[in-house]
Structures are given as C-alpha cells and as structure tokens.
Amino acid sequence: MFQTCDLSPVITVMMMMRIKDEKFWAKVTKTDKCWLWIGCKTHNGYGQMRRNNKGILVHRYSYMMTKGDIPEGLVIDHLCRVRNCVNPDHLEAVTNAENLRRGIPGNKTHCPKGHEYNENNTAFYSGYKYCKTCNREKSRRIRASIPTTPGIGR
Ligand SMILES: [Zn+2]
Ligand SMILES: [Zn+2]
C-alpha cells in the first residue's frame, strides 16, 4: 500500500500525519488569540520544522492536520497576519491573487521604482514580493552592460 513517492501530495500528507503531534505542539504557545510557534523560523518569520530532511512550514502543517489537504495552487493566508501563528482558525487557503489583494501590513503596494504590485506585476519567492517590471529591466541592464561590438572581431 505505502509507496515511498515524494511526488504525490496524498502520500506527503499521510507521511506528515505519521509525525508525532506532541513534538509539534510542544513548540506551540497558545495565547488568547494566536497559537505561536516558538520553534525554528524561516528568515522571513514563518515557523518551520524539519521532518525527513525537509523544511516544513508549520502553518501549512497545522492547516493540513486540522482542515485537510491544501488545494493545489492555493497558499495559506494568515488572517491574523502573525506569520508564526499556527491557529487553524486564523488560517485560510486562498489564491495567490487573493492573498495579494488582502495585502500584508507594512508591505508596500508599489515597488521602490513606483511600479504597482498588482497580480500581473508581482512574483513571489519564499514569501517575498518581487516587481516583475524591475526584474525585467535589471536583466536588460545586465545584458546591455555586456560589451558587444557588432561587426568587429566576429
Ligand atoms: Zn493568529
Ligand atoms: Zn518595479
């Protein structure tokens, strides 16, 4: 029955369910509102634990434990905006666009160059927003800075 196939999300969840939950809850401090993860965190403040040599984001783990699998293509949004909170009541699976629309306090609506962080212009990488326009311009500048002398030496 059990196949060691990391690619199947179903198997991955099953593997996660086998983890002793006490280990997880031992690192959670419950306050009146948020259940705070006091274990390791990623560089951008999300709770993280290591299982099977893989880093697992604990709010995703908490969601999967209590509410089930995360639908494909959805991200887990913190309604409380506390990144290391694992309270399932504060977690909601939303699309990237919805997550973006809600915005994150302290996060900017425009990049430093003034381009709007809208759905088409925003790339996500490990929890950070990136301006696609700026990224494009940067790679154009890098290409332009490579000395090319057309017609000579070719
Ligand atoms: Zn919370
Ligand atoms: Zn920009």
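Residues numbered from 1 in each chain as written. Chains lettered and ligands numbered in written order. Predicted model: local features only at pLDDT ≥ 70, side-chain atom pairs only at ≥ 80, totals over all residues.

## Description of the overall build of the protein
Argument step 1. When its secondary structure is counted, the protein shows five helices and eight strands.
Argument step 2. N-terminal to C-terminal, the α/β element order of the protein is α-α-β-β-β-β-α-β-β-α-β-β-α.
Argument step 3. Here the protein, with 154 residues, has 14% of them falling under the buried criterion.
Argument step 4. Long-range contacts, defined as pairs at least 24 residues apart, comprise 34% of the intrachain contacts of the protein with a sequence gap of at least 6. (Helix = DSSP H or I, 4+ residues; strand = E, 2+ residues; numbered from the N terminus. Buried ≥ 20, exposed ≤ 12 C-beta atoms within 10 Å, placed from the backbone. Contact = placed C-beta atoms within 7 Å.)

## Re the nonpolar core
Argument step 1. In terms of nonpolar packing, the biggest core is built from ten residues, these being Trp 35, Trp 37, Val 58, Tyr 61, Tyr 63, Met 64, Ile 76, Cys 85, Val 86 and Leu 91.
Argument step 2. Elements with a minimum of two residues in this core: β2 (35-37) and α3 (58-67).
Argument step 3. Per-element accounting of this core gives the leading share, four residues, to α3.
Argument step 4. In this structure Trp 35 touches Val 28, Lys 30, Cys 85, Val 86 and Asn 87, once residues within four positions along its chain are discounted. (Core = buried A, V, L, I, M, F, W, Y, C linked by C-beta atoms within 7 Å.)

## Side note on the pairing of strand β3 (residues 48-51)
Regular strands have side chains that alternate between both faces of the sheet.
Argument step 1. Across four bridges, the pairing between β3 and strand β4 (residues 54-57) is antiparallel. From the neighbouring strand, Met 49 faces β4, where its bridge partner is Ile 56.
Argument step 2. In sequence, β3 turns back onto β4 through a hairpin of two residues, with Asn 52 there showing a positive phi of about 50 degrees. (Pairing = 2+ DSSP bridges.)

## Side note on the environment of Asp 69
Argument step 1. Assignment of secondary structure puts Asp 69 in the loop between α3 and β5 (74-78).
Argument step 2. The exposed category is assigned to Asp 69, around which 12 C-beta atoms lie within 10 Å.
Argument step 3. Asp 69 sits 24 residues away from Ala 93 along the chain, and the two C-alpha atoms are 9.9 Å apart.

## Here we look at unusual backbone geometry
Argument step 1. Positive phi, normally seen in glycine, also occurs at Arg 81, with a value near 65 degrees.
Argument step 2. Relative to the assigned elements, Arg 81 resides in the loop between β5 and β6 (91-95).

## Overview of the confidence of the model for the protein
Argument step 1. The share of residues in the protein with pLDDT of 70 or more is 77%, and the mean pLDDT across the chain is 80.
Argument step 2. Of all secondary-structure elements in the protein, the lowest mean pLDDT belongs to helix α1 (residues 9-17), at 52, while β2 reaches the highest, 97.
Argument step 3. Segment residues 2-8 is flagged for pLDDT under 50; beyond a separation of four residues in sequence, or across chains, it makes three contacts in the model. (pLDDT = per-residue confidence, 0-100.)

## A short note on the environment of Lys 27
Argument step 1. Inspection of the secondary structure puts Lys 27 in the loop between α2 (21-25) and β1 (28-30).
Argument step 2. Since 15 C-beta atoms lie within 10 Å of it, Lys 27 is described here as partly exposed.
Argument step 3. As a C-alpha pair, Lys 27 and Gly 39 span twelve residues in sequence and 5.5 Å in three-dimensional space.
Argument step 4. Apart from residues no more than four positions distant in its own chain, Lys 27 is found in contact with Trp 37, Ile 38 and Gly 39.

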